[in-house]
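# Working through the structure, step by step
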Amino acid sequence: MKVVIIGGVAGGATAAARLRRLDENAQIVMLERSGYVSYANCGLPYYVGGVITDRRKLTLQTPESFHDRFRIDVRVRQEAVEIDRESKAIKVRNLETGEVYRESYDKLILSPGAHAVIPNLPGIDNERIFTLRTVEDTFKVHGFVETARPASAVVVGSGFIGLEMAENLRDRGLDVTVVQRGGHVMPTLDADMAAIAHNHLRSHGVKLLLNSDVTGFEERADGAVQTNLAQSGPLAADMVVLAVGVAPESALAREAGLDLGARGSIKVDEHMRTSDSDIYAVGDAVQVKNYVTGQDALIALAGPANKQGRIAADNICGIASTFTGSQGSSVLKLFDLTIATTGLTEIAAKAAGLDAGYVVLSPASHATYYPGAGSMTMKVLFERGDGRILGAQIIGTDGADKRIDVIATAMRAEMTAADLTELDLAYAPPYSSAKDPVNMAGYMIENILEGRVEQLTWEQALAPAEDEVLLDARTPGEVARGSIDGALHVPLDELREHLDELPRDKRLRVFCQSGLRSYVACRILMQRGFTCANVAGGYGFYQQTVLDQEIRRRGIADCGVTV
């Protein structure tokens, strides 16, 4: 059997190695258009930033190492230009010599990846405008930064690459401005959680222009690049990084007549097989199923690409492995914070027609009496009917990656909020709390589903209503540092002694710093005949999402009080 793989990196390289482990006698040829067959593309921004200093570390495998270990014929700088499905052959161009030759196959795996989107704008071909997708792109950006010593940069786009480049360029001392077409950074976050990232970017000196459309670029007399905006004046900078997204690299598949899906992606079945039974496709170029909704999706991440490469190899070798979909689990370092997500956002859940609710909590990363604890902000989505977990977004100093992985695993097992409360998670003071934040999220959802408390968002809590009033359950010291105009104030520990002072003809919208003490207040009030609702996230969430303030994250208890 002869298998040809077009494209390396995550999906193609994984497929090649798996094929060899399953079939020692197979002839395996891997064609890679770039000069690097297997590289750490997720680490590219950190080479630009100087965190990774040895460029050799970016290369995971070379053609020589692949051949030595797996006896795979790896050919770099070789571009597949045409697939002849009838004769089962590929036309290949050697980019070094210009030679064109044919390569036959019994089975073919397409792993072409995705290409950086480059908008058709005036001045887009300026040599100081960069993208970051390949190792070659990275060396080009790194070389410019090292030799030209730019003092300023504009980053257009604020997904993973955009924010990682903003951080790394800022850490190198550049003045950085991020321009985002939409209203918030990171499409994997809801607007309220993204506000936390906005505050953190600004606190590190990154300028942020939201709802800003780039209309073109111009070269200035001093050599700088001018970025023209529709909504405001132009920006001048020594360099521009375009990070406005990626699109499936599917031209080869389209020209071969293979079925395509959303945004020109390659359609595959659960075995990663295309509409041609002898051709498989994996990675960023393929359409997959969203594991939560079952709907078609494009999810360009390294983890799914690696799994798909393995599954394609399995099926070629007679093992009926299946890819059941992706949740889009991801994690991002943003200066001192970790941003981790899995599953659906609130907006995506509504778009999918799901009746979704969410809880917001601000737990510590580990027991607060043990030094070094940092607070997290967690937004966990659930389906109102059965409590199925739909997604989560976590931002914090420590522990966010650990909790998102637990929740992602729970979602894969189709667990409900009740199941989260039962998870038996490791505990010691340096690592967690006896009631882990994931357990706490389950308790909070369970309380809502079972009617033990009603919950309001801050948008609802701030909406004018004659028959409702805000009640602040925090301490006098906390209130002195800021509160909501017109809110009543009774500290939780004094609530029972002041019940007669509260209106019984109005619903009380109760809040504290994090939502924990206000929940306790609601339980007291409900059992004393009051009508009340707990405001999700507390005043700390209000500070971050409404007032655009960055809050303290060290030395804070789960209830938001300084420890």
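To be clear, the structure that these remarks concern was listed above.
On a predicted model such as this, the values are computed, not experimentally measured, just so you know.

Turning our attention to the overall build of the protein chain. The secondary structure content of the protein chain amounts to 16 helices and 33 strands. What you see for the protein chain is a C-alpha radius of gyration of 27 Å, in line with the 24 Å of a compact globule of 563 residues. Considering only C-alpha atoms, the protein chain reaches an extent of 90 × 60 × 40 Å along its principal axes. Relative to its full complement of 563 residues, the protein chain shows a buried share of 53%. Partitioning the intrachain contacts of the protein chain with sequence separation of at least 6 by distance along the chain shows that 63% fall at a separation of at least 24. Of the accessible surface of the protein chain, which amounts to about 24100 Å², a share of 47% is contributed by carbon and sulfur atoms. Here the protein chain contributes 58 positively and 73 negatively charged side chains, and the mean placements of these two sets differ by 3 Å.

With that settled, the discussion passes to the packing of helix α6 (residues 191–203) against helix α16 (residues 538–545). At their nearest, the axes of α6 and α16 sit 8 Å apart, and the two run at 65° to each other. What the angle tells us is that α6 and α16 run roughly perpendicular. Between α6 and α16 lies a crossing of left-handed hand. In this structure, α6 uses Asp192, Met193, Ala195, Ile196 and Asn199 to contact α16, whose residues at the interface are Phe541, Gln544 and Thr545. In terms of residue class, the contact of α6 with α16 is built from 4 nonpolar, 3 polar and 1 charged.

Moving on to the pairing of strand β24 (residues 330–334). Burial of β24 is one-sided: the residues Ser330, Leu332 and Leu334 facing one way are buried, the residues Val331 and Lys333 facing the other way are not. Sheet analysis places β24 next to strand β25 (residues 337–343), joined by 5 bridges and oriented antiparallel. Opposite Val331, over in β25, you have Ala340 as the bridge partner.

This paragraph deals with a nonpolar patch on the surface. Together, Tyr369, Tyr370 and Tyr427 line one region of the surface with nonpolar side chains, adding up to about 370 Å² of accessible area. One can find Tyr369 in the loop between β26 (356–361) and β27 (376–383).

A sheet is described by the order of its strands in space; here 3 strands give the open sequence β15-β16-β17, paired in antiparallel fashion. The sheet is open, and its two edges are formed by β15 (214–219) and β17 (235–237), each paired on a single side. In this sheet, adjacent strand axes meet at a mean angle of 25° when their direction is disregarded. Here β15 pairs with strand β16 (residues 225–229) via 5 bridges, running antiparallel. By the bridge assignment, Gly216 is partnered in β16 with Asn228.

With that settled, the discussion passes to the sheet that holds strand β31 (residues 488–489). The strand order β29-β33-β32-β30-β31 describes an open sheet built from 5 strands, whose pairing is parallel. On the outer flanks of this sheet lie β29 (455–456) and β31, each paired with one strand and no other.

Ranked by internal contacts, the top residues of the largest apolar core, which has 96 residues, are Leu169, Met239 and Leu525. Every residue in contact with Leu525, bar those within four places of it in the chain, is listed here: Leu471, Leu495, Leu499, Leu502, Leu508, Val510, Phe530 and Cys532. In this structure, Ala16, Phe70, Leu108 and Ile109 belong to the second largest nonpolar core, which totals 49 residues.

Looking now at helix α10 (residues 400–412). With 13 residues, α10 should cover 18 Å at 1.5 Å per step; its first-to-last C-alpha distance of 18 Å lies within 8% of that length. What α10 keeps buried is the set Ala400, Arg403, Ile404, Ile407, Ala408, Ala410 and Met411. In an axial view of α10, the angular spread of the buried residues amounts to 160°, which keeps them on one side of the axis. Of the surrounding secondary structure, the elements contacted by the buried residues of α10 are β25, β27, β28 (389–396), α11 (417–422) and α12 (437–449). Two residues or fewer past α10, Glu414 is found with a positive phi of approximately 55°.

Attention now goes to the pattern of salt bridges. Per the stated rule, a full pass over the model turns up 37 salt bridges. The closest approach of N and O atoms between Arg75 and Glu103, which form a salt bridge, is 2.7 Å. With a gap of 28 residues between them, Arg75 in strand β5 (residues 73–76) and Glu103 in strand β8 (residues 100–104) connect regions that are remote in the sequence. Of the two residues, Arg75 and Glu103, both sit in the buried class. The salt bridge involving Arg172 is made with Glu146; its shortest N-O contact spans 2.6 Å. Highlighted residues: Arg172 in the loop between α5 (160–171) and β13 (175–179) and Glu146 in helix α4 (residues 135–148), separated in sequence by 26 residues. Residue classification places Arg172 among the partly exposed residues on the basis of a relative accessible area of 25%. Overall, the relative accessible area of 31% leaves Glu146 in the partly exposed class. One network of salt bridges, in which partners are shared, links Asp190, Asp192, Glu346, Lys350 and Lys379.

Attention now goes to the packing of aromatic side chains. Under the definition given, this model contains 8 aromatic pairs. A ring pair is formed by Phe130 and Phe144, whose centres lie 5.2 Å apart and whose planes are at 50°; its orientation type is tilted. Of the two residues, Phe130 is situated in strand β11 (residues 129–130) and Phe144 in helix α4; the sequence distance between them amounts to 14 residues. Here Phe130 falls in the buried class, since its relative accessible area comes to 4%. Every member of this aromatic cluster is reached through a ring pair, and the members are Trp458, Phe511, Tyr539 and Tyr542. Positioned above the aromatic ring of Phe139, the side-chain terminus of Arg55 is 3.8 Å from the ring centre. Against the face of Tyr291 rests Arg412, its NZ or CZ located 3.8 Å from the ring centre.

The rules behind these values
Residues numbered from 1 in each chain as written. Predicted model: local features only at pLDDT ≥ 70, side-chain atom pairs only at ≥ 80, totals over all residues. Heavy atoms only, no water. Helix = DSSP H or I, 4+ residues; strand = E, 2+ residues; numbered from the N terminus. Rg over C-alpha atoms; globule rule 2.2 N^0.38 Å. Buried < 20%, exposed > 50% of the residue type's maximum accessible area, 1.4 Å probe, protein only. Contact = heavy atoms within 4.5 Å. Areas by Shrake-Rupley, 256 points an atom, 1.4 Å probe, with all protein chains shown as cover. Lys, Arg positive; Asp, Glu negative; His and termini not counted. Charge placed at Lys NZ, Arg CZ, Asp CG, Glu CD. Axes fitted to C-alpha atoms, helices over the stretch in contact; angles between N-to-C directions. Parallel < 35°, antiparallel > 145°, perpendicular 65-115°, else oblique. Left-handed = near helix turned anticlockwise from the far one by under 90°. Nonpolar A, V, L, I, M, F, W, Y, C, P; charged D, E, K, R; others polar. Pairing = 2+ DSSP bridges. Patch = residues over 30% accessible without salt bridge, like charges linked within 9 Å, V, L, I, M, F, W, Y side chains within 5 Å. Salt bridge = Lys/Arg side-chain N within 4 Å of Asp/Glu carboxyl O. Core = buried A, V, L, I, M, F, W, Y, C linked by side-chain atoms within 4.5 Å. Expected span 1.5 Å × (residues − 1). Arc of directions from axis to C-beta. Phe/Tyr/Trp six-rings, centres within 6.5 Å; stacked < 30°, edge-to-face > 60°. Lys NZ or Arg CZ within 6 Å of the ring centre and 35° of its normal.

Purely spatial values, then, with no claim about function.
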